[in-house]
Structure formats: structure tokens, C-alpha cells
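Read off the chains here:
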Amino acid sequence: MQRQSSASSDTHSTSMLDIKRDCTFCQIDRIAPLIMKETQNLRLVADHAPLVEGHILIIPKQHYTCYGDVSSSLDDELFELKQEVRRFFELYYAEPVYWEHGIFHQTVFHAHLHCFPIGPLTYDLEHHGHGQRIHSQEDIRSWHQQNGHYFYLEDTHYGYLFPPKPETYSSIIKNVLGPAVTAHSSYKQWRLPQERQIDGKPLIASVITRWKEFEHDEQADARSS
Ligand SMILES: [Zn+2]
Ligand SMILES: [Zn+2]
């Protein structure tokens with residue numbers, strides 16, 4: 001709340017405001033039906049064109065270009081929310097995999113972390129060169145400051161950051177993410193976002209229902225303990 005009111009009173013430059021006006025994730029009315037949870041600075045949102053059931057996004061309320069650009073004051077909140085997503089996924093689906101395009105290959109230019117219940121990854125990231133092992137959000141920020149664009153992949157064991165090379169990106173999609181998505185989906189072929197949007201309606205309804213159950217049960221557990 002506090003953060004929101006300070007953000008709205010910020011004196012952004014006109015160009016900054018222009019970007020926000022064009023930005024899907026800044027337009028609350030566009031994503032409102034997909035919002036599953038809000039914390040002080042973050043939103044948990046069902047992806048509008050899910051690759052699998054459970055495909056959700058963690059999006060800062062304020063406009064940042066990518067998580068490398070997000071203030072360290074949000075680190076704890078992000079960590080907590082990722083833990084909550086992990087508990088949800090492990091109860092209803094499978095282990096989480098987190099994925100960020102960075103600015104590289106983004107379709108919405110507002111920081112968002114994709115959460116997929118498609119883990120564990122069978123591909124051994126340790127043996128996939130070019131990536132840098134990441135231990136905290138601070139590592140992502142310093143990489144972003146020094147090197148700019150990146151993309152990011154994390155499962156329950158490791159987090160890796162990659163330089164924005166098209167061949168590395170394609171290789172990770174083809175050899176790591178793609179097979180894990182296919183293994184957890186009834187669709188075995190790559191589908192366009194428009195197709196996923198139509199096919200995704202029941203998946204979105206289902207994940208939102210399950211999330212409500214999950215939150216209800218967690219709250220009941222907290223009360224009884
Ligand atoms: Zn935005
Ligand atoms: Zn994305």
C-alpha cells in the first residue's frame with residue numbers, strides 16, 4: 001500500500017509515463033480477472049496463454065524492465081511468494097521451474113517471472129556451458145548492471161543466468177524448457193499464443209480454483225497451529 005501511493009506520487013518523466021500507458025502489466029483492468037494474489041509490491045497472475053496448467057507469473061506492481069532492474073527492497077517479498085508458489089505447485093502439480101526472458105525475448109516489457117510446474121528439469125544445467133550460477137536476486141542485479149540483457153532459468157536445485165545469445169536461447173528452449181513443458185502438457189506440438197489463449201481458458205479456470213483451495217487450506221493450517 002505504502003509503496004503504491006509513493007509510486008503514484010513519483011514524478012516520472014513523460015517518456016516513462018508513455019511506456020506505462022502502453023504496458024499491459026501496468027494496466028490493472030487488463031489483468032484483473034487473472035490476478036490470484038497481491039502482496040504489497042507484487043502480483044501473482046495466471047498467464048493468459050498458458051503453456052501448461054499452473055503457468056503463472058510473478059509481476060511487480062511498479063514498472064520495472066526486468067528483475068535485474070527490480071529494487072532489493074522487494075527481494076524478501078519475492079522469495080516468500082516463490083516459496084508459496086512452490087508449496088502450491090508441489091501439492092497440485094509438480095516441482096516449480098522459474099523462467100525470465102530478461103528484456104531479451106520479452107513480449108511485455110515489464111518485469112515478470114514465469115512459474116511453470118514442470119520440474120525437476122532432466123537436463124543438467126551444470127553441463128550446459130555459458131550460463132552463470134546465480135544464488136540471489138543480487139547476483140541478477142549485478143549481472144544486469146554490468147552486462148545488460150540476460151535470460152534466467154531456475155529449478156529447485158539451481159538458478160542460472162545466460163547471456164542473450166540467440167543460439168543459447170534456442171538451445172535452452174529446445175533441450176530444456178520445451179521437453180519439460182511437453183512432458184506436463186496434453187499438447188505435444190508447439191502452439192501459437194493465440195491457440196494457447198483459446199485452449200487455456202479451462203486451464204486458467206482450474207488453476208485459479210485450485211489456488212483458492214490452497215490459500216484456504218494454508219490459512220486454516222495457520223489458524224490451527
Ligand atoms: Zn509496466
Ligand atoms: Zn514472458
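Remember, it's a predicted structure, so these values are computed and weren't measured experimentally.

Cut-offs and rules
- Residues numbered from 1 in each chain as written.
- Chains lettered and ligands numbered in written order.
- Predicted model: local features only at pLDDT ≥ 70, side-chain atom pairs only at ≥ 80, totals over all residues.
- Helix = DSSP H or I, 4+ residues; strand = E, 2+ residues; numbered from the N terminus.
- Expected span 1.5 Å × (residues − 1).
- Bend = angle between axes of the 7 residues up to and from the residue.
- Buried ≥ 20, exposed ≤ 12 C-beta atoms within 10 Å, placed from the backbone.
- Contact = placed C-beta atoms within 7 Å.
- Pairing = 2+ DSSP bridges.
- Axes fitted to C-alpha atoms, helices over the stretch in contact; angles between N-to-C directions.
- Parallel < 35°, antiparallel > 145°, perpendicular 65-115°, else oblique.
- Left-handed = near helix turned anticlockwise from the far one by under 90°.
- Nonpolar A, V, L, I, M, F, W, Y, C, P; charged D, E, K, R; others polar.
- pLDDT = per-residue confidence, 0-100.

Peer 1: Looking at this structure, I do not really get helix H6 (residues 166–183). What am I missing?
Peer 2: Along an α-helix, residues three or four positions apart point the same way, because every turn accommodates 3.6 residues. Taking 1.5 Å per residue as the helical rise, H6 with its 18 residues ought to reach 26 Å, and the 24 Å between its terminal C-alpha atoms agrees with that figure. Remark: the principal bend of H6, roughly 40°, maps to Leu 177, with a proline, Pro 179, within the next four residues. Those residues of H6 not exposed but buried are Ile 172, Val 176 and Ala 180. Along its buried surface, H6 packs onto strand E4 (95–100), strand E5 (113–119), strand E7 (151–154) and strand E8 (159–162).

Peer 1: Mind showing me how you'd approach the pairing of E4 here?
Peer 2: Successive side chains on a regular strand alternate, one facing one side of the sheet and the next facing the other. Most of E4 sits inside the fold, with five of its six residues counted as buried. Here E4 pairs with E5 via four bridges, running antiparallel. Paired with Val 97 across the strands is Phe 116, a residue of E5. Relative to E7, E4 runs antiparallel, the two being bridged by three bridges. Paired with Trp 99 across the strands is Leu 153, a residue of E7.

Peer 1: Mind showing me how you'd approach the packing of helix H4 (residues 75–92) against helix H8 (residues 201–224) here?
Peer 2: In helix packing, the relevant descriptors are the interaxial angle and the interaxial distance, both defined with respect to the helix axes. Where H4 contacts H8, the axes come no closer than 11 Å and their chain directions differ by 110°. As summarised for this structure, H4 and H8 are arranged roughly perpendicular, according to the angle between their axes. Note that H4 runs across H8; the crossing there is right-handed. Here Phe 88, Leu 91 and Tyr 92 of H4 lie close against H8, whose contacting residues are Arg 210, Trp 211 and Phe 214. Of the residues assigned to the contact of H4 with H8, the class counts are five nonpolar, no polar and one charged.

Peer 1: Could you clarify how one ought to interpret the sheet that holds strand E2 (residues 42–46) in this entry?
Peer 2: The pairing of strands in a sheet happens through backbone hydrogen bonds and is either parallel or antiparallel. One open sheet accounts for eight strands, arranged E1-E2-E3-E5-E4-E7-E8-E6; its pairing is antiparallel. Since the sheet does not close on itself, it has two edges, and those belong to strand E1 (35–38) and strand E6 (132–134), each with one partner. Across this sheet, the average inter-strand angle for adjacent strands is 25°, counted without regard to direction. Pairing geometry for strand E3 (residues 56–60) and E5, over three bridges, is antiparallel. What sits directly across from Ile 56, in E5, is Cys 115. Each of E1, E2 and E3 touches H8; the most contacted strand, E2, lies at about 130° to it.

Peer 1: Just to check I follow, could you spell out the confidence of the model for the chain for this structure?
Peer 2: Low pLDDT means the predicted coordinates in that region are not meant to be read closely. Per-residue pLDDT for the chain averages 86, and the proportion of residues at 70 or more is 88%. Element-level pLDDT for the chain is lowest in helix H1 (residues 2–9), with a mean of 38, against a maximum mean of 98 in E2.

Peer 1: Sorry, what's going on with the environment of Ile 198 here?
Peer 2: Inspection of the secondary structure puts Ile 198 in helix H7 (residues 193–199). Given 10 C-beta atoms within 10 Å, Ile 198 falls into the exposed group. The sequence separation of Ile 198 and His 48 amounts to 150 residues, and the corresponding C-alpha distance is 9.2 Å.

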